[in-house]
Structures are given as structure tokens and as C-alpha cells.
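Spelled out from the first residue to the last, the chains are:
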Amino acid sequence: MAPTPADLRKAINEAIQAARDDLRKVSLSIHEKPELAWDEHHAHDVLTEYMERQSGFVVTKHAYDLPTAWTAVFTSSASSKEGEKVPVVGFNSEMDALKGIGHACGHNLIAIAGCAAAIGVARTLEHFQLPGKVVLIGTPAEEQGGGKAALLDRGAYDEFEACLMLHPGTSGGGKHGAGNMTSAALIAMEVTYNGAPAHAGGAPEKGRNALDAAVLAYQGISVLRQQLPKDAKVHGVFSGEDKWSPNVIPDEAKLLYGVRSTTLTSLAEVVPRVLRCFAGGALSSNTSYSIKRGHLYHEVRPAKGLSDAFKDFVEAEYGDDYRFLERVETGASTDFGNVCFKCPSLHPMFFLPDATPEEHPHSASYTKAAAEESAHEAAIRAASALSYAGLQVLLDPSLRKRMWAEWEEDMKVAQGDKALAVLDKVLPASKEGEGGKPGSFCAFDKCACGH
Ligand SMILES: [Zn+2]
Ligand SMILES: [Zn+2]
């Protein structure tokens, strides 16, 4: 007889509770040694060693030629008996921390939540002798760099029916809970201005001031902000001060900028206007410039079918003690948005019951909150629900059909390809492996710069 939803929930709970204490140790080990994007070597080692100890998982370290990416793959024994293609569900474990403030985004909790969810699915498939495959990917560089974009390019998500991950959120006000977070589309860019150095007192007329170019662009963007749609965010900093001296006209200056908007489509409308400000800085100061495009994150678009399965679990297991929100607004951005444009995906944010309102992600005080026992409990609870949603993907063909139909419709609404074409035209992507070769850009339809 096929297991009931209650049977499945029980099996998941038992599997994840059995792993709970070891996962706490893994989480704290990652938390104690925060590592920046693309440099998550300790987290990579701790997580892969942990997953290697889980029976039936095949672990690949340094997966897809990315030094800190990894996979842990479980194919149930009932799958091999069937000898045919089985459905595949994916989970993600992020690992990176923030400069100066450690795990202030709580990726230690995300990392172990991914492990818990994958283990819950694997043990339940085995317990009931059901076919299915689960792939857990250790995904580097979420805070900057876009590890998932690199993994998508390498085909890491190609066989997934769905992909799921969790992220810790703000204070739960004493209660456990979760909700589907929204995220903004984001493009990062590095603008380099080049001028000519000169003695600032002796021969300033011979100089071309790259710092002036950057200042003018910065001010241009500050003025532009008033006319931007309210959801657009443009934020940046100057870089290059180690080369500057007050008595030398600076011949190089950089601007590091991020542009965000609710969707890729609205981002594609804002970016050309920001680029004109960069061009304006160069024109006014008679300097040259180039722009290197950084990571491009799509907006998160949660799959309703997965969200419903997650909700079924929390309602049945946690009842009124658990708050579930269909939508949690955030202005943050994540490369998991890119995954949402590949397959039906879910990215719930779980609340930390004991965090204070001041302890929000990316604040220094959140680092401490991410190591609390109650935060671990919150991660475990949400991971159990995530595991159940992932398991339903493998077991329920009607859910898969519904999810994909809804995803196709949602992609028509999102019009991601159209927006990407605009962005690629105005600011071509830097090529991987070329050390971030700058994409050249001219902001004006007709100009003298020859492109
Ligand atoms: Zn973050
Ligand atoms: Zn984060």
C-alpha cells in the first residue's frame, strides 16, 4: 500500500531528527570559520565529509570545475530496479559569508538545511522502497559572483524537475514560521575611468582627471534617482584610492555599482539610463572608460505547486504555532532567481524566533543570531517541510505536470529572454575565464567612439 502523506511526514521527521545534532556541529563549524565567495574551502570540506558519511550518497568534491562547488547524489535502490529514468529533485546549500561580519546572512543554516532536506528525501524513498533521485548541490558565491549562474551554465540543473532551498530571514517575534520571499533582479558592474596623470599644481592642464569622471557619474546617478521607478535601486562606491594623491591628477578611478529592480524586465529599462550617467562622467572629463559586467541575478519566482506542498507540511506538523506567508517582500537579490528561470523552484525564507528586530540579514548582529540553537531549530523545521515538498515532486506525477504548466505560463509573464537580450545589447556579459574581460559600451546611438 502506498504511504499516506502522514507516513511520509513521519519518515522525513525521523530521518532529519536523527541528523539534527550532527548538522548543528556542521553549522557551527562553518559559522566559526566564515569564508567569502568562491573561497568556501572549509565549508566545502566539512559539508562533503558529512555527506560522505550518509549512506547511499555519492559525493563529488570540486564539482563542475569550480573549486568550492560539490554535489551529493542519492538514487534510491527502487530506482535501479525499475531500470528507467526516474524523476530528479534538486536542493541547494549555500556557504559563503560577508566581508568583516562573518555569517551575517546565515548561510551556515542554509548549508545544513540543504543537507537535511536531501537526507529526509533519501531516507524516506528507501524506507518505502520508492524510486527517485535527489541531487544536493553545494553552491558557492551567492553574496557576490553568482555561483549558481556558473553552475547553470555548466548544466548542473539540467535534469531537475524542481529545485528548492531555504534562507533564514528576520525575527519571527517569538514564533517559528516561513514565507516565500521575493527578491529583486540585480546586475553588478565595475566601471573603470582612465585619464592622464599630471602635477596638480605644476601642470594640471596636462591632466585628464579620472576621479572627476567617477564623481560626475556618481552625481549623475544621484540626480537620476528621483526619476526612477520606486522599486529601482542604484547603489555604488568609489574604488582606487590607493592610487590617488592630492597633488597628482588621478589617471584611474573605478566605480563599483549594483542596479536592482523588481524584475529582469524592469531592470532592463533602468540599466541603460544608469549607463548614460557613466558615459556622461567620461564625456565631461575627457576621459575614457570601460565597464565590466558582474553577476546578473534574476528575480525569484516561487512555484505555487511547491509552495503548496511546503504549506501542507507545516500546517499538518506545526499547526497554528507556525506562521506561513505566501509572500515576504525583500529588496535583496539572489542567484537562486536564475534557477527559477530554469525549472520550477522554491526559496522560502524562515524566520528566527529569538532574533530581535535589529538582527536582520547583513547586519553585524545577525551573525550571532545565525548561531543560536533556536535558529538551528528553525532551519530544521523549515528543512523538513522543504524535504516533503521535494519528495512530493518525486512521488506525484500530477504535481510535476501542474508545476511545469504553471512554470511555462509564468515564464511567458516574466519575459526573461527579452530582458536578457536588452541587457546583453547594452552591456555585454564578461566572458568567463578571461579574468572578467570588460564589455565595452557606448551609451549613445550615434557617437564618435566607433561602436
Ligand atoms: Zn546575503
Ligand atoms: Zn544570503
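For clarity, every value in this text was computed on a predicted model and none was experimentally measured.

(A) Region of interest: the coordination of the zinc ion (ligand 1). Protein-derived ligands of the zinc ion (ligand 1) are Cys 105 (SG), Glu 143 (OE), Glu 143 (OE) and His 362 (NE2), with the metal-ligand distances lying across 2.0 to 2.6 Å. Between the zinc ion (ligand 1) and the zinc ion (ligand 2), both coordinated by Cys 105, there is a metal-metal distance of 3.0 Å. Placement of the pair is Glu 143 in the loop between strand 4 (133-139) and helix 5 (147-153) and His 362 in the loop between strand 14 (348-352) and helix 10 (364-369), with a sequence separation of 219 residues.

(B) Spotlight on the sheet that holds strand 6 (residues 167-171). Taken in spatial order, the 4 strands make up an open sheet running 6-14-7-12, and their pairing is mixed. What marks the edges here is a single partner per strand, and that holds for strand 6 and strand 12 (322-328). This sheet shows a mean twist of 30° between the axes of neighbouring strands, independent of strand direction. Across 3 bridges, the pairing between strand 6 and strand 14 is parallel. By the bridge assignment for strand 14, Ser 171 is matched with Leu 352. Lying over the sheet, helix 11 (residues 373-395) contacts strand 7 (176-181), strand 12 and strand 14, oriented at roughly 150° with respect to strand 14.

(C) Up close: the nonpolar core. Met 51, Phe 91 and Phe 310 are the most contacted members of the largest nonpolar core, which has 70 residues in total. A total of 13 residues in this core trace back to one element, the largest contributor, which is helix 11. Not counting chain neighbours up to four residues away, the residues in contact with Phe 310 comprise Leu 166, Ala 178, Phe 324, Leu 346, Pro 348, Ala 382, Ala 385, Leu 386 and Ala 389.

(D) Region of the structure containing the pattern of salt bridges. Within the structure shown, the criterion is met by 24 salt bridges. Arg 20 is the partner of Glu 377 in a salt bridge, and the nearest nitrogen-oxygen pair spans 2.7 Å. Here Arg 20 lies in helix 1 (residues 5-32) and Glu 377 lies in helix 11, a separation of 357 residues in the sequence. Across the pair, exposure class does not vary: Glu 377 and Arg 20 are buried alike. Between Lys 254 and Glu 190 there is a salt bridge, and its shortest N-O distance comes to 3.4 Å. With Lys 254 in strand 10 (residues 252-261) and Glu 190 in strand 8 (residues 185-194), this residue pair connects regions lying 64 residues apart in the sequence. On the basis of relative accessibility, which here comes to 21%, the residue Lys 254 falls in the partly exposed class. Since its relative accessible area comes to 22%, Glu 190 is described here as partly exposed. Salt bridges here are not isolated pairs; linked through shared partners, they connect Arg 20, Arg 24, Glu 373, Glu 377 and Arg 381.

(E) Spotlight on the coordination of the zinc ion (ligand 2). At the metal site, the zinc ion (ligand 2) is ligated by Cys 105 (SG), His 107 (NE2) and His 167 (NE2), and these contacts range over 2.0 to 2.3 Å. Sequence spacing among the residues donating to the zinc ion (ligand 2) works out to C-x1-H-x59-H. Its relative accessible area of 0% is what places His 107 among the buried residues.

Rules of the game
- Residues numbered from 1 in each chain as written.
- Chains lettered and ligands numbered in written order.
- Predicted model: local features only at pLDDT ≥ 70, side-chain atom pairs only at ≥ 80, totals over all residues.
- Heavy atoms only, no water.
- Donors = N, O, S within 2.8 Å, 3.2 Å for Na, K, Ca; no water.
- Helix = DSSP H or I, 4+ residues; strand = E, 2+ residues; numbered from the N terminus.
- Pairing = 2+ DSSP bridges.
- Axes fitted to C-alpha atoms, helices over the stretch in contact; angles between N-to-C directions.
- Contact = heavy atoms within 4.5 Å.
- Core = buried A, V, L, I, M, F, W, Y, C linked by side-chain atoms within 4.5 Å.
- Buried < 20%, exposed > 50% of the residue type's maximum accessible area, 1.4 Å probe, protein only.
- Salt bridge = Lys/Arg side-chain N within 4 Å of Asp/Glu carboxyl O.

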